Amino acid sequence: MSIRPIVSVGDNDRVLRSTARPVRRIDRRIRNLMHDMIETMRDANGVGLAAPQIGLDLQVFVAEVPEDIDDPDSPVRTYALADPEVVWASEAKVEGREACLSIPELFGDVPRHVQIKVRALDRTGRRVELDLHDFEARVFQHEIDHLHGVLFPDRVTGLDKLYFLEENDAGELVRVPYAVPAV
Ligand code: NI
């Protein structure tokens, strides 16, 4: 078991920007990969990680999401899934902050479906159907996008929705726009 190096945009765009191959069958190799991906995600303090982010052309992702995002002591749910498919999505969308382990430092306010239903294969190869909402649904949409070569900046409604966060002299985090307005 090992922590795998994470690919950043520009390093391996062939994999990061393509639709990944379905796994179809969960064997020991895939289970070991899922295990490594969970370790890698935790090591990087991420809430999700998709196989293309470690350079692999496979439809596999892991996620670890607190049950209550506003409670730091909340228990977490850990997912390791393959071949996910969004089979239903609410019409309602909501904008929320996202970041990505493959795009260091950048943040974005990204619109996502509030509720989704996902079918996938779990670690044991069983077909599961999951009902997800709010932050968990957001993480899943972000990770499933990775399996189709889509990154969160592709989803924002304008460049003004992308920004960096920097600490000012008072120690507060302030937004630094990604795009400087033209003069
Ligand atoms: Ni990401």
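Now for a look at the structure at hand. Residue numbers run consecutively from 1 along every chain, following the written order of its sequence. Selection of residues for local features in this predicted model requires a pLDDT of at least 70, selection of side-chain atom pairs for listing and counting requires 80 or more, and totals for whole chains, interfaces and linings are taken over all residues. Processing note: side-chain calculations cover all non-hydrogen atoms of the structure and skip hydrogens and water entirely.

Structural notes on the sheet that holds strand 4 (residues 93–100)
So, step 1. The strand order 4-5-8-9 describes an open sheet built from four strands, whose pairing is antiparallel. The open sheet has two edge strands with one neighbour each: strand 4 and strand 9 (173–177). When the angles between neighbouring strand axes are averaged without regard to direction, this sheet yields 35 degrees.
So, step 2. Following DSSP output, two strands are said to pair if at least two bridges run between them. A run of H or I in DSSP counts as a helix once it spans at least four residues, and a run of E counts as a strand once it spans at least two, with each numbered from the N terminus. Here strand 8 (residues 162–167) runs beside strand 9; their pairing, made up of five bridges, is antiparallel. Inter-axis angles, ranging from 0 to 180 degrees, are taken between N-to-C directions of lines fitted to C-alpha atoms, where helices are fitted over the stretch in contact.

Here's the deal with the pattern of salt bridges
Where charged atoms from two side chains of opposite charge approach closely, those side chains can pair.
So, step 1. Put simply, a salt bridge is a Lys or Arg side-chain nitrogen that is within 4 Å of an Asp or Glu carboxyl oxygen. Summed over the entire model, instances satisfying the criterion amount to 16 salt bridges.
So, step 2. Between Arg-77 and Glu-136 there is a salt bridge, and its shortest N-O distance comes to 2.9 Å. Of the two residues, Arg-77 sits in strand 3 (residues 76–89) while Glu-136 sits in helix 3 (residues 134–146), which places them 59 residues apart along the sequence.
So, step 3. With a 1.4 Å probe rolled over the protein chains alone, any residue whose accessible area is under 20% of its type maximum counts as buried; one over 50% counts as exposed, and the rest are partly exposed. Assessed through its relative accessible area of 9%, Glu-136 is described here as buried.
So, step 4. In this structure, the salt-bridge partner of Lys-161 is Glu-95, at a minimum N-O distance of 3.2 Å. Taken as a pair, Lys-161 in the loop between helix 3 and strand 8 and Glu-95 in strand 4 lie far apart in primary sequence, 66 residues in all.
So, step 5. Judged by relative accessible area, which is 38%, Glu-95 ranks as partly exposed.
So, step 6. One salt-bridge network, held together by shared partners, links Glu-98, Arg-112, Arg-138, Asp-145 and Arg-155.

Considering the sheet that holds strand 1 (residues 48–50)
So, step 1. What the five strands build is an open sheet, ordered 1-2-3-6-7; its pairing is antiparallel. Strand pairing shows two members of the sheet lacking a second neighbour, strand 1 and strand 7 (127–133), which therefore form its edges. Here the strands of the sheet are splayed against their neighbours by 40 degrees on average, with no regard to which way each runs.
So, step 2. Across seven bridges, the pairing between strand 2 (residues 60–66) and strand 3 is antiparallel. Within strand 3, the residue paired with Ala-63 across the bridge is Tyr-79.

Considering the packing of aromatic side chains
So, step 1. Planes of paired rings set the category: under 30 degrees apart is stacked, over 60 is edge-to-face and the rest tilted, where pairs are Phe, Tyr or Trp rings (Trp by its six-membered ring) whose centres lie within 6.5 Å. Within this structure, the stated rule accounts for four aromatic pairs.
So, step 2. An angle of 85 degrees between the planes, with centres 5.1 Å apart, marks the rings of Phe-61 and Phe-140 as edge-to-face. Highlighted residues: Phe-61 in strand 2 and Phe-140 in helix 3, separated in sequence by 79 residues. Summarising the burial analysis for this pair, Phe-61 and Phe-140 share the class buried.
So, step 3. Relative to Tyr-178, the ring of Phe-164 has its centre 6.2 Å away and its plane inclined at 45 degrees; by these criteria the two rings are tilted. With a gap of 14 residues between them, Phe-164 in strand 8 and Tyr-178 in the segment after strand 9 connect regions that are remote in the sequence.

Observations concerning helix 3
So, step 1. Helix span is expected to be 1.5 Å times the residue number reduced by one. For helix 3, with 13 residues, the first-to-last C-alpha span of 19 Å sits near the 18 Å given by 1.5 Å per residue.
So, step 2. By the criterion of burial, helix 3 is predominantly enclosed, with 11 of the 13 residues buried.
So, step 3. Turning to helix 3, its buried residues are Glu-136, Ala-137, Arg-138, Val-139, Phe-140, Gln-141, His-142, Glu-143, Ile-144, Asp-145 and His-146.

Remarks on the environment of Met-34
So, step 1. Structurally, the position occupied by Met-34 is in helix 2 (residues 28–43).
So, step 2. Given the relative accessible area of 0%, Met-34 is considered buried.
So, step 3. In the structure, Met-34 is positioned 24 residues away from Leu-58 in sequence and 11 Å away in space, judged by C-alpha atoms.
So, step 4. The contacts of Met-34, once residues within four sequence positions are left out, are Ile-26, Val-60, Val-62, Ala-80, Leu-81, Ala-82 and Arg-123. The contact criterion used throughout is that any non-hydrogen atoms of two residues lie within 4.5 Å.

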